[in-house]
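Summary of the model geometry
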Amino acid sequence: MCKNNRSSERVLTAKMKRYIPVCSSILAAHYSFFLLITAFLLLVGSSAYAILCDAEDFAGFAEQWCRQCNPDNNWCNGYDYDTSGTIDVKDFSHFAEIWLTSNNQGVTTFLVAASNAHPTVKQIADYVCDGTADQVEIQAAMDILPALGGKVVLSEGVFTTAAKIEIPSYVWLQGAGYATELVCGAFSDPVLVNSEIDTGNTGITISDLKIDASAQISNQTGNNYENAIQFRKVTYSTISNIYASDTYRDIIRVDTSPYTTILNCTLVNAGNHGISAATASNNLTINDCRVINSDDGAIRLDSDDVIVANCLIDTASGGTAPHGLDLLGENIVVTSCVIKNIESSGILVSENSDTVIVQNCIIDTTGENSVFIRTSKNVTIDNCMLKNAAQTGVYITSSEQIIMKGCLIDSVIGTPLFTSSDVAGLTISDNIISDFRYNAEYFYIQADEVLITENSWVNPASASFAIEEATADGGNTGPDDCNSSGVFTGHEEITYTIEIDAEGTPDTFKWSKDGGNVWEAETVEITGSAQLLDNGVSITFAGTDNHDLGDKWTVDVTLSITRLVYIKAEAENVKISNNNFTLDSTPVSDSGGTNIVIENNLNKL
């Protein structure tokens, strides 16, 4: 939260007059904490300490102190450092640590100019690069910063790097937006990495620049960390406003790096993942990011207490099981994201994950499942659109306590919902299942303790109906050369009757949809090509003038879906109630499950 600026003492005076009275009732209940705050005010007033965290930051912290925190308010604008739900002494302890390790001279800043920067920028720069091994000047600027940190500002222009840049604690590397570009040379380390990968760093910020890692090469005998940005054992750090592309492996990788924020980044063409958070990089926030074209999946998170919000994930393909979001951990919230064009699953929740919420997301066009839940528990899918999955809308196996509510499952080629027999505790409510495509069961239930209620099945697609082969009447005397074809666009089973009603050159026919009581058309000349009847059903005669009067054929259109919910014998304690089924035949089929209740459902095609 610290902005590294030089706010004056009157900022503190003006803002604290507003905020401290509001919090007085809470501070009175924590008198010792109030004394601590007073001590800090005195220290700042005497200019004894620095203002890397300044009075304005403290005013913001005090304002948030009275509030409850949650993902919707970004954990009180980030002041709830441990995402506990309230601002407390633990949060203030971290805030104080940064404050007291500051320098009363303000933030030490060095300007590094690119070789192609404007001449006036070069004149005022502390370091000027020559376009070759520019990491030397950037590293030199960082290395002479005081132990308490500072800022290295990169000018507009191109910086060519021949080796990694190592960033110390409390250092902010800031560019001038995408006009600042780091172009990686042919080396096999990260472009940007923290300086102490063994003992760890804290308080690193990287922002406002572009990274081109297309020249990276793989070191097959080393650690294989050919990433754009690599944090290892870094705490309380931020990566923001970065455009990075074409890495050999991950674009951003954080490893054992808790309290990291990744904000407003665009990550394109990752050799592995766009973002990878491994080995307990807990309390991670990823917000307003775009991850496009990742070989091994867009975002992979092996961490707890994670928020992924307002992100676009587009196209993950080409690697090993590339998923859009690969989630392993506890207390994960994915909200308001768009995930599309994924070779495997849009979202994979696996490896004993616990308490995962996916809400207000769109998952569109996946090669396997929209959502795949495996060996996990307490997973909620809420108010999401899941569409165009090639296999399954939601696939659940070896999991428990799963909720899917308020979702639209649309145009799934495979089964909208599949559960294996080792699933327990499943609630499916208030969902819409639309535009069926697969000629089988839509909900395939083998789980225990299942409630399916208040769902609607709408718009059974034409592919759910089969146009059978034309069948000749047993009394025909002419050739059996009538064939059926087409894609049915109606919504009910039907039998078409076709009869030769005149011999000639060509012969003619008539056709009916009710067995000949009413003829829809008569004396239709045979063309020898496909001739449309209605609802997408066509017939074709091989010959045009060799039929006998009265020869007759029938074409059946049959509904190939026979059940919208199929309960297998392994299932126990299943209740299906108050659903709206758009199917005249039996919508629910029970093959021998135990304690199955089916009640108050509406069956209507």
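In short, a report on the structure. Just so we're clear, the structure is a prediction, and the values are computed from it rather than from any experiment.

**Looking at the sheet that holds strand β48 (residues 537-541)**
Spatially, the 3 strands line up as an open sheet ordered β43-β48-β47, and their pairing is antiparallel. Looking at which strands have only one partner, the edges of the open sheet turn out to be β43 (482-486) and β47 (531-534). Direction aside, neighbouring strands of the sheet carry axes that sit 35° apart on average. As paired strands, β47 and β48 are joined by 3 bridges and run antiparallel to one another. Along β48, the bridge assignment pairs Q531 with I539.

**Quick look at the state of the cysteines**
Chemically, a disulfide is nothing more than a covalent bond linking the sulfur atoms of two cysteines. For the coordinates displayed, the defined rule picks out 1 disulfide. The disulfide partner of C69 is C76, and the S-S distance across this bridge is 2.2 Å. Sign of the S-S torsion, about -95° for the bond between C69 and C76, identifies this disulfide as left-handed. Each member of the pair, C69 as well as C76, is classed as buried.

**Some remarks on the nonpolar core**
In terms of nonpolar packing, the biggest core is built from 104 residues, with L192, I211, I229, I286 and V565 touching the most fellow members. Ranked by residue count, the leading element in this core is strand β1 (residues 109-113), at 4 residues. When sequence neighbours within four positions are dropped, the list of residues in contact with I211 reads L182, V191, L192, A228, I229, I242, Y243, A244 and S245. Counting 19 residues, the second-largest nonpolar core is a separate cluster that includes I467, Y496, I498 and V555.

**Observations regarding the packing of aromatic side chains**
Considering all chains together, one arrives at 12 aromatic pairs under this definition. Relative to Y243, the ring of Y178 has its centre 5.7 Å away and its plane inclined at 65°; by these criteria the two rings are edge-to-face. With a gap of 65 residues between them, Y178 in the loop between β6 (171-174) and β7 (180-184) and Y243 in strand β13 (residues 237-247) connect regions that are remote in the sequence. According to the relative accessible area criterion, Y178 is partly exposed, its value standing at 41%. You can call Y243 partly exposed: its relative accessible area is 24%. Note on F541 and W553: the rings are 5.4 Å apart at their centroids and 75° apart in plane angle, and the pair reads as edge-to-face. Here W553 lies in strand β49 (residues 552-559) and F541 lies in strand β48, a separation of 12 residues in the sequence. Positioned over the ring face of W172 is K151, at 4.0 Å from the centre of the ring. Sitting over the ring of Y243, K210 keeps its end group 5.3 Å from the ring centre.

**Overview of the environment of T285**
Within the fold, T285 resides in strand β18 (residues 284-287). Sequence separation of T285 and I262 is 23 residues, and the distance between their C-alpha atoms is 6.1 Å. Residue contacts for T285: discarding those within four places in its chain leaves N74, T260, T261, I262 and I307.

**A closer look at the pairing of β18**
Alternating positions in β18 separate into two faces, L284 and I286 on one and T285 and N287 on the other, with burial throughout. Sheet topology note: the strand β15 (residues 260-263)/β18 ladder contains 3 bridges and is parallel. In the sheet register, I262 faces β18, and the bridge partner there is I286. Two elements, β18 and strand β21 (residues 306-309), share 4 bridges in a ladder whose sense is parallel. Across the sheet, residue I286 finds its bridge partner in β21, namely V308.

**Brief notes about the side chain of S294**
Examined against the element boundaries, S294 turns out to sit in strand β19 (residues 290-294). Under the relative-accessibility criterion, S294 is labelled buried at 1%. Setting aside anything within four residues of it in sequence, one finds S294 in contact with A270, N272, G274, T315, A316 and S317.

**Re the pairing of strand β32 (residues 392-397)**
The buried fraction of β32 is high, at 5 of 6 residues. As paired elements, strand β29 (residues 369-374) and β32 share 5 bridges and run parallel to each other. Paired with N369 across the two strands is T392, which belongs to β32. Pairing of β32 with strand β35 (residues 415-419), which is carried by 4 bridges, proceeds in the parallel orientation. What sits directly across from Y395, in β35, is F418.

Each value, and the rule that gives it
The numbers attached to residues start from 1 for each chain and follow its sequence in the written order. Two thresholds apply to this predicted model, a pLDDT of at least 70 for residue-level local features and 80 or more for giving and counting side-chain atom pairs, whereas whole-chain, interface and lining totals are computed over all residues. Excluded from the side-chain calculations are hydrogens and water; all other atoms, namely the structure's heavy atoms, are used. One requirement defines pairing of two strands: DSSP has to find at least two bridges between them. A run of H or I in DSSP becomes a helix once it reaches four residues, and a run of E becomes a strand once it reaches two; helices and strands are each numbered from the N terminus. What counts as an axis is a line fitted to C-alpha atoms, over the stretch in contact for a helix, and the angles between N-to-C directions run from 0 to 180 degrees. Sulfur atoms of two cysteines make up a disulfide when they are within 2.5 Å. For the exposure calls, accessible area comes from a 1.4 Å probe over protein chains only, and a residue counts as buried if that area is under 20% of its type's maximum, exposed if over 50%, partly exposed in between. Put simply, buried Ala, Val, Leu, Ile, Met, Phe, Trp, Tyr and Cys residues joined by side-chain atoms within 4.5 Å make one nonpolar core. Note on contacts: a residue pair is in contact if any heavy atoms of the two residues lie within 4.5 Å. Only rings of Phe, Tyr and Trp enter the pairing, Trp through its six-membered ring, and a pair is recorded when the two centres are within 6.5 Å. The plane angle decides the type: under 30 degrees is stacked, over 60 is edge-to-face, the rest tilted. Criterion for a charge above a ring: Arg CZ or Lys NZ at most 6 Å from the ring centre, at most 35 degrees from the ring normal.

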